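Below, each chain spelled out in residue letters.
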Amino acid sequence: KRQALLFRQVFDAMDDAVLLLDEKWGVQQVNQSARALLPDKRLKALLVKAQAFYADNPSEHLLFEEQALILECRLIRFTARRATLRQGYCLLVRDITQKANLEQMKADLIGIVAHELKTPITTSKLELENLNNAGVPASVTDAMRHDLDHLERIVSDWLKVVKIDGGSFAVDPTFTQLTPILKRAIRQVRTKYTFAIALHIPEEAECIWADPHALLELFVNLITNACRYARPHTEPTITIRAHLVGEQLTINVLDRGLGIEPHERERIFDRFYQIHRGTRRINGGTGLGLVISRAICRAHQGDIVATEDEGQTCFRITLPQPRSFTNALSGETP
């Protein structure tokens, strides 16, 4: 009895709504937060959606939206030896409406600021050109031009993230060669960093179906990251390997830098997330490069993940290739 009373006190004191369900999704117990957050009609609608969702996605988080309310749900299956309810589910429900609204306000602000900055940046760059044409030495304006270029890249990244959030980010695939894109990316990054790089692109992976401009940005982001997160006092060493198996092109971008902790390998694809070691951030950047990189891959119906390969940091890119395209490369008749 004392254990049951203690359980009830702790159960009711939890800030999140908690529902204990039997194996047929019947509600057996709810805490005070659940009673306040989930009146009967909302509870029934949530359970119907949750049961259908978790049948296919048992480890995912469910977002339940009802008018202006946004709830985040997580399902945990349990087995209890000394309890009336021996097996069932624990459904945790958290009200994230305020957090979601703040995130939306942040995204809206970024879009507004980016659009407002775009015009004055362009105007300022034109004025610099006029100064140079009027005889002002380039050495006088180079620092300002460098700062404007940097600001322009930040604004461009912000605007791309706005498109990603709005679902309008797209790519324009065509027949293209992989090696020339990689060499252009290497030349761009070498204007800022010194590094060693090795390319291993077999003949069958050379001609691909992809957006060359989007891939250029993808590889510039990844090579730049490898340079930023190199070990101190060590020249970055980068290896890029591609292989085509059936209709799947895989490209591994590897480096021997500081590495990425397992718990950060998914978070680095979140907006503005920066890797920290100790109490400080490792290096610069806006925290948007990998967000855009993943959007590029997914717009191609592929993906990018961070992993480890033989002790090296590895960004693994997968880009599906159309069957008709791979058949044509292999000389087969579709």
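Scroll up to find the structure.
The model shown is predicted, which means the values in this text are computed figures rather than measured ones. (Residues numbered from 1 in each chain as written. Predicted model: local features only at pLDDT ≥ 70, side-chain atom pairs only at ≥ 80, totals over all residues. Heavy atoms only, no water.)

Draft legend 1. Looking closely at helix α6 (residues 178–189). For α6, with 12 residues, the first-to-last C-alpha span of 17 Å sits near the 16 Å given by 1.5 Å per residue. Taken together, the buried positions of α6 are occupied by L178, T179, I181, L182, A185, I186 and V189. One side of α6 carries all its buried residues, which in axial view fall inside an arc of 160°. Buried residues in α6 make contact with β6 (174–177), β7 (196–200), β8 (207–210), α7 (212–228), β9 (237–245) and β10 (248–255). (Helix = DSSP H or I, 4+ residues; strand = E, 2+ residues; numbered from the N terminus. Expected span 1.5 Å × (residues − 1). Buried < 20%, exposed > 50% of the residue type's maximum accessible area, 1.4 Å probe, protein only. Arc of directions from axis to C-beta. Contact = heavy atoms within 4.5 Å.)

Draft legend 2. Representation of the nonpolar core within the structure. Formed by 47 residues in total, the largest nonpolar core has its most connected members in F219, I251, V253, I268, F315 and I317. Sorting the residues of this core by element identifies α6, β8, α7, β9, β10, α8 (289–299), β13 (303–309) and β14 (312–320) as the ones contributing at least two each. The element best represented in this core is α7, accounting for 10 residues. If we skip the residues at most four places from it in the chain, F315 touches L222, I251, N252, V253, I260, I268, F269, L290, I304, V305 and A306. (Core = buried A, V, L, I, M, F, W, Y, C linked by side-chain atoms within 4.5 Å.)

Draft legend 3. The arrangement of helix α5 (residues 138–166) in detail. Between the first and last C-alpha of α5 there are 40 Å, a value that for 29 residues agrees with the 42 Å anticipated at 1.5 Å per step. Where α5 bends most, at M144, the angle is about 25°. For α5, the complete set of buried residues consists of T141, R145, L148, I154, V155, D157, L159 and V161. Its buried side turned inward, α5 meets α4 (97–133), α7 and α8. (Bend = angle between axes of the 7 residues up to and from the residue.)

Draft legend 4. Molecular detail of the sheet that holds strand β5 (residues 87–95). Spatially, the five strands line up as an open sheet ordered β2-β1-β5-β4-β3, and their pairing is antiparallel. Across the chains shown, the open sheet's two edge strands, defined by having one partner strand only, are β2 (27–30) and β3 (62–66). Taking each pair of neighbouring strands and ignoring which way they run, the sheet shows an average axis angle of 25°. Against the sheet, helix α3 (residues 40–56) makes contact with β1 (17–21), β2, β3, β4 (69–79) and β5, and its axis sits at roughly 150° relative to β3, the strand it touches most. (Pairing = 2+ DSSP bridges. Axes fitted to C-alpha atoms, helices over the stretch in contact; angles between N-to-C directions.)

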